[in-house]
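# A look at the structure
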Amino acid sequence: MSERPPTPRRSVAVVGAGYVGLVSAVGLAQLGHTIELVETDPVRLVDLRKGRIPFSEPGVQEAFTAAVASGDLTIRDRASLTTSEIIVICVGTPIDDQGHADMSAVESVLAEVGALKGRPITVVRSTTPVGTCQRLLRDGHVADEARFFAVPEFLAQGTALRDFNAPHRVVIGSTPSADRTAQAALVDVFGFYGAPVRLVSLEEAELIKNGANAFLALKISFANELAGLAERSGADIGPVLEAIGLDPRIGSTYMRPSFGFGGSCLPKELQTIALSGLERGLPMHVTAAATEANLAQQRLFAERIDATVGGVAGRSIAVLGLAFKAGTDDIRYSPAVGLARWLVEHGARVNAYDPVAADRAARAVPGLTVHPTALDALRGADAAVIATEWPEFLALDWGRARGVMAAPLVIDGRRLLDPSAMRDLGFDYERVGSPQVGRANVDGVTALAPRA
């Protein structure tokens with residue numbers, strides 16, 4: 001990565017200390033800007049002022065601590081939002097079951113900005129469905145159209161700070177009447193390290209964000225669906241997807257099969273695009289199908305576990321991993337949490353472990369028992385399920401784990417472990433995207449026939 005040329009030090013207020021806001025604030029402070037991080041939630045505000053960030057993300061806690069100590073980042077409540085040159089809105093835009101985004105928090109911030117003296121550059125960094133920024137303009141929520149911009153983020157959980165500092169592209173959306181000086185200031189602030197900068201309309205900026213996440217979800221859905229076909233055809237999906245991914249038109253990223261995807265971005269974007277199309281009289285068949293495929297994949301995996309153990313009712317099942325992906329404590333739309341809930345509802349005794357997300361999951365799933373270590377969760381288990389791809393499960397002493405389990409069965413929903421190594425240790429090992437090899441007998445109940 002080339003060194004960034006010096007840019008003017010600017011005063012920036014980042015409104016909203018959630019995932020996007022906090023990472024953006026820390027990243028901008030590291031670049032030398034003076035940051036006010038504005039938060040109104042009283043619980044989150046207390047934690048931030050005590051030096052604690054509200055989520056787990058590699059490198060962010062350390063960078064936050066350093067930025068506060070240097071004075072480059074100050075924690076404020078919204079009442080102090082006054083004289084910043086740039087105001088970056090990163091508040092939540094949750095969606096309902098139909099895919100409608102709640103824009104009330106964005107509108108509230110815009111109202112406060114409109115009451116300020118001066119003409120701050122106003123940036124919407126919150127995720128918004130296509131057409132939202134134009135509606136905000138049309139409905140009178142924006143005080144100065146020429147200094148109103150959409151700058152979507154493309155941060156992946158687990159690598160967010162790295163993604164901020166080394167973006168693949170920078171997108172800046174505006175109206176035709178945009179203040180070019182203000183636009184250039186945003187290029188200085190966000191367009192660094194040689195990343196391509198795209199100056200587009202507000203609608204195009206929103207659709208770039210919506211479409212990028214939706215396309216990633218489509219790739220995952222395709223890989224997962226093909227993995228199911230591999231399982232039932234006697235093939236292993238690994239070499240299949242590896243060879244498909246060698247085609248540069250396709251690529252190998254987001255082609256790792258699992259039992260489903262989650263998080264706050266991909267499921268939301270699929271719903272958002274599907275609804276945006278329907279509202280304009282255009283059914284979005286592909287994106288709607290991806291949502292259905294993801295839910296079906298999770299259901300099929302749960303049913304596979306049930307079949308493999310001869311019925312989960314009364315069984316002790318260890319679920320390893322609860323976050324929707326490794327590197328985060330986020331359990332929103334987590335397939336692992338959904339699986340744990342399904343197992344509990346179907347009568348299993350579920351003992352789980354996750355290095356950072358266990359407490360959140362325990363509050364979300366009544367009847368789930370969480371443990372301080374993976375080995376504790378595995379003790380007495382009739383089966384273990386790898387539900388999140390944490391590296392520590394790869395490094396786990398599986399020989400010792402086999403000794404504490406009631407039965408040596410591992411069902412890998414993330415294709416994390418090496419099949420040969422696990423079978424050499426005496427495990428019956430199943431994984432997504434591979435033929436079902438199963439077990440000859442579980443407490444006298446015939447399950448799947450063992451592989452030769």
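These numbers come from a predicted model, not from an experiment.

We now examine the sheet that holds strand E11 (residues 369-370). A sheet is described by the order of its strands in space; here 6 strands give the open sequence E11-E10-E9-E12-E13-E14, paired in parallel fashion. Each end of this open sheet is capped by a strand with a single partner; those strands are E11 and strand E14 (428-431). Note: strand E9 (residues 316-320) against strand E12 (residues 383-386), 4 bridges, orientation parallel. Following the sheet pairing, Leu320 is matched in E12 by Ile386. Of the strands in this sheet, E9, strand E10 (349-353) and E12 are in contact with helix H12 (residues 335-345), which crosses E10 at around 160°.

Here we come to empty space enclosed by the protein. What the rule picks out here adds up to 1 cavity of 30 Å³ or more. Looking at the largest cavity, the residues that line it are Val124, Arg125, Ser126, Thr127, Thr128, Ala150, Pro152, Glu153, Ala205, Glu206 and Lys209. Of all the elements, helix H8 (residues 202-233) adds the most residues to the lining of the largest cavity, at 3 residues. Residues of the lining of the largest cavity, tallied by class, amount to 4 nonpolar, 3 polar and 4 charged.

Using the criterion set out here, one finds 20 salt bridges in the structure. Across the salt bridge formed by Arg9 and Asp72, the nearest N and O atoms sit 2.7 Å from each other. A residue pair is termed long-range when its members are at least 10 positions apart, and Arg9 in the segment before strand E1 (11-15) and Asp72 in the loop between helix H3 (60-70) and strand E3 (73-76) qualify at 63 residues. Exposure remark for Asp72: the relative accessible area of 18% places this residue in the buried category.

Mapped onto the fold, Asp188 is located in helix H7 (residues 180-190). Owing to a relative accessible area of 27%, Asp188 belongs among the partly exposed residues under this scheme. As a C-alpha pair, Asp188 and Arg10 span 178 residues in sequence and 9.7 Å in three-dimensional space. At a separation of 3.3 Å, a polar atom in the side chain of Asp188 contacts the side chain of Arg10.

Each value, and the rule that gives it
Residues numbered from 1 in each chain as written. Predicted model: local features only at pLDDT ≥ 70, side-chain atom pairs only at ≥ 80, totals over all residues. Heavy atoms only, no water. Pairing = 2+ DSSP bridges. Helix = DSSP H or I, 4+ residues; strand = E, 2+ residues; numbered from the N terminus. Contact = heavy atoms within 4.5 Å. Axes fitted to C-alpha atoms, helices over the stretch in contact; angles between N-to-C directions. 1 Å grid on protein atoms, 1.4 Å probe; cavity = no way out; pocket = protein on both sides within 12 Å on 5 of 7 lines; lining within 4 Å. Points joined across faces, edges and corners; volume = space filled by probe spheres on them. Nonpolar A, V, L, I, M, F, W, Y, C, P; charged D, E, K, R; others polar. Salt bridge = Lys/Arg side-chain N within 4 Å of Asp/Glu carboxyl O. Buried < 20%, exposed > 50% of the residue type's maximum accessible area, 1.4 Å probe, protein only. Polar contact = N/O pair within 3.5 Å; in protein donor to acceptor, adjacent residues only side chain to side chain.

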